[in-house]
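Next come the chains, spelled out residue by residue.
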Amino acid sequence: MTFARVALLVLRKDVAIEVKSREILYTTLFFAASCVLVFAFALIREGRPPEEGPSGILWIAIAFSGTLALGRTFERERYGDTLRALLLAPAPRPAIYVGKLLGIVLLLLVAELMLVPAVALLFQAPLFARPLLLAGLLGAGTVGFAAVGTLFAAMLVRSRTRDVMLPILLYPITVPVIIAGARGTSALLLPSPDEATALMWLALLVCFDVVFVTLSLWTFEPVMSE
Amino acid sequence: MKKAFVPLTIVVAAMFAYAPVLIARADYEATMGLVQKIFYFHVPSWFVMFTAVFICGGASALYLAKGDPRFDRVAASAGEIAVVFGLMGLVTGPLWGRKAWGVWWQWDARLTMALLVELIFVGYLIVRKYGGPGSEKLGAAMAIFGTANVPFVYVSVNIWRTIHPKTTVVPTLAATMAIPFWYSVLAFMLLFTLLMTLRLGLERQRAALDELYLAEDDDV
Amino acid sequence: MYNRIVLALAGVLALAARIAAFQPPAGQNEFVPASSLPPGDQLPAAPLLIAAYAFVWIAVLVYVWSVWRRLKRVEDDMHALQQRMTGGRKESRR
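Residues numbered from 1 in each chain as written. Chains lettered and ligands numbered in written order. Predicted model: local features only at pLDDT ≥ 70, side-chain atom pairs only at ≥ 80, totals over all residues.

Turning to the overall build of chain A, a few remarks are in order. When you go through chain A residue by residue, the secondary structure sums to eight helices and zero strands. In sequence order, chain A lays out its α and β elements as α-α-α-α-α-α-α-α. The C-alpha atoms of chain A give a radius of gyration of 18 Å, which matches the 17 Å a tight globule of 226 residues would have. With the C-alpha coordinates aligned to their principal axes, the bounding extent of chain A is approximately 55 × 35 × 30 Å. Expressed as a percentage of its 226 residues, the buried residues of chain A come to 49%. Long-range contacts, defined here as pairs at least 24 residues apart, represent 85% of the contacts in chain A between residues at least 6 apart. (Helix = DSSP H or I, 4+ residues; strand = E, 2+ residues; numbered from the N terminus. Rg over C-alpha atoms; globule rule 2.2 N^0.38 Å. Buried ≥ 20, exposed ≤ 12 C-beta atoms within 10 Å, placed from the backbone. Contact = placed C-beta atoms within 7 Å.)

Glancing now at the overall build of chain C. Within chain C, the regular secondary structure consists of two helices and one strand. Across chain C, helices and strands are ordered from the amino to the carboxyl terminus as α-β-α. Looking at chain C as a whole, 9% of its 94 residues are labelled buried.

All names here are of chain A. Along the chain, Pro 131 turns up in helix α6 (residues 131–156). Taking the number of C-beta atoms within 10 Å as the measure of exposure, Pro 131 has 11 and is therefore exposed. Considered as a pair, Pro 131 and Leu 115 are 16 residues apart in the sequence and their alpha carbons are 14 Å apart.

Here we take up the packing of helix α2 (residues 39–66) of chain B against helix α3 (residues 69–100) of chain B. When two helices pack together, you describe them by how their axes are tilted relative to each other and by the distance separating the axes. Residue and element names in this part refer to chain B. Two elements in contact, α2 and α3, have axes whose closest approach is 7 Å; the angle formed by their N-to-C orientations is 155°. Comparing their axes, α3 and α2 come out roughly antiparallel. In the crossing of α2 with α3, the sense of the turn from one axis to the other is left-handed. Grouping the constituent residues of the contact of α2 with α3 by class yields 20 nonpolar, eight polar and two charged. (Axes fitted to C-alpha atoms, helices over the stretch in contact; angles between N-to-C directions. Parallel < 35°, antiparallel > 145°, perpendicular 65-115°, else oblique. Left-handed = near helix turned anticlockwise from the far one by under 90°. Nonpolar A, V, L, I, M, F, W, Y, C, P; charged D, E, K, R; others polar.)

With that settled, consider the interface of chain A and chain C. Chain A puts seven residues into the contact, and the matching count from chain C is nine residues. Classifying every residue of the side of chain A that touches chain C gives six nonpolar, one polar and no charged.

All right, on to the nonpolar core then. Counting residues in hydrophobic clusters, the biggest one holds 148 residues, and the most contacted among them are Leu 205 of chain A together with Ala 52, Ala 75 and Ala 82 of chain B. Looking at which element gives the most residues to this core, the answer is helix α8 (residues 195–224) of chain A, with 18 residues. (Core = buried A, V, L, I, M, F, W, Y, C linked by C-beta atoms within 7 Å.)

Let us now look at the packing of helix α7 (residues 162–189) of chain A against helix α4 (residues 109–130) of chain B. Between α7 of chain A and α4 of chain B, the shortest axis-to-axis distance is 9 Å and the interhelical angle comes to 155°. With respect to their mutual orientation, α7 of chain A and α4 of chain B come out roughly antiparallel. Judged by the sense of rotation from one axis to the other, the crossing of α7 of chain A with α4 of chain B is left-handed. For the pair formed by α7 of chain A and α4 of chain B, the contact residues are Met 165, Ile 168, Leu 169, Pro 172, Ile 173 and Val 175 of chain A on the first element and Leu 116, Leu 119, Ile 120, Gly 123, Ile 126 and Val 127 of chain B on the second. Looking at the contact of α7 of chain A with α4 of chain B residue by residue, the classes come out as eleven nonpolar, one polar and no charged.

That's the geometry; what it means functionally is another story.
Shown next as structure tokens:
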């Protein structure tokens, strides 16, 4: 089976399960919403959001929701013992990784579809000033976060302390993504959007994505074999 | 390695004993005055930390590729030493910054990203200790990712606004400062070698103990 | 697949060049040596300086002590284990 076919099959499986139960989708969406609300109640004073607040809050909400979604997705695999079945299949293992990665990215993109308008509304942020650049930042950032997250979540599936270990390992490594995403989004939120800076952060995000997806593809096989 | 241990200890101890003399004799820096002398221990700490980080990452990559437990032992030792020297850098930095910049912590890009690398490798140590069975491989992946993050750390200095002395400071040091600086670097690198030897010895003994436990199980 | 990797890496290099072209505001470029201190500058800095050096020394010593302690524990375990094994073998021979 070719690489792409395997990846798409894994993706289709995950999407099919999710479309039927919608469990992870709804819980992730609701968690993202409550995250944003908590920030709103904590930070908004006299109806005005803090400066530089909206971009940071958006990316924090993405990071937290992403961690939750990763945990839930692989918990489902662990519960059905399907991860071992996947690994035993005569399919290139990096393709399995890519399939899971695409599933997580898709889930997070749906969450962002809800998050961006919510943040724009609640924090009075002109997030739609440069929609293409924002989409680029969100896309590249999501891929970077999910790339590292999928690998770590898959690695931790058999570990006893996986719930607490995933955030501990994931957040320090993905801080460059958060920084680049938040700073890039901030640049777009200025009264006259600073496209050059946003493009520069986007370039950094794409570099990050390339490096870490490649690393994940290389390390997935040795790390998952017992 | 073992035979060199005692002479190495003596050399390192002597170098560190003499270092304050050299450092005191070095010129003061025109704008920062006395407190700049923290530089002679602060920067070599980072040199050692990043050396340890790259050794840990490289050994982890080799461990995942080849499966030889010796690589894992080197990675574990280097990771721990990276955290220790990183802590030294992270404490001496703010002490210097308090005088030079007026505040303990400025979210200056380089110190911040160094803090990140430190956190990553603290995570590495946590995974190795609490990750359960198979945590060597988890740790190895963590170390590889952490090491790959270092270039992003370095690039950030040139992208963020920063008041941290730039990377061009070291190559342009005047002779009166360069000599104690490179002396300190050498002293720190030798210290690193010494500590690696010590720590690796511990890992080797642990491996031997594990073998003994397995042998005992076989006997029983 | 390798072609794709090469293409991706070339893309990364191009982006890296773009990033490198970004000029940030300048920080201090080099240390300027001086052979004497401006007046009134010495005392407040000294505690910080001493604290910094003291921390480095203490950190190294604590770490060495920690490694030595763990080594002792492992070696004690080894001896205990060896005792048990030789003692056990003697008993099973009876």
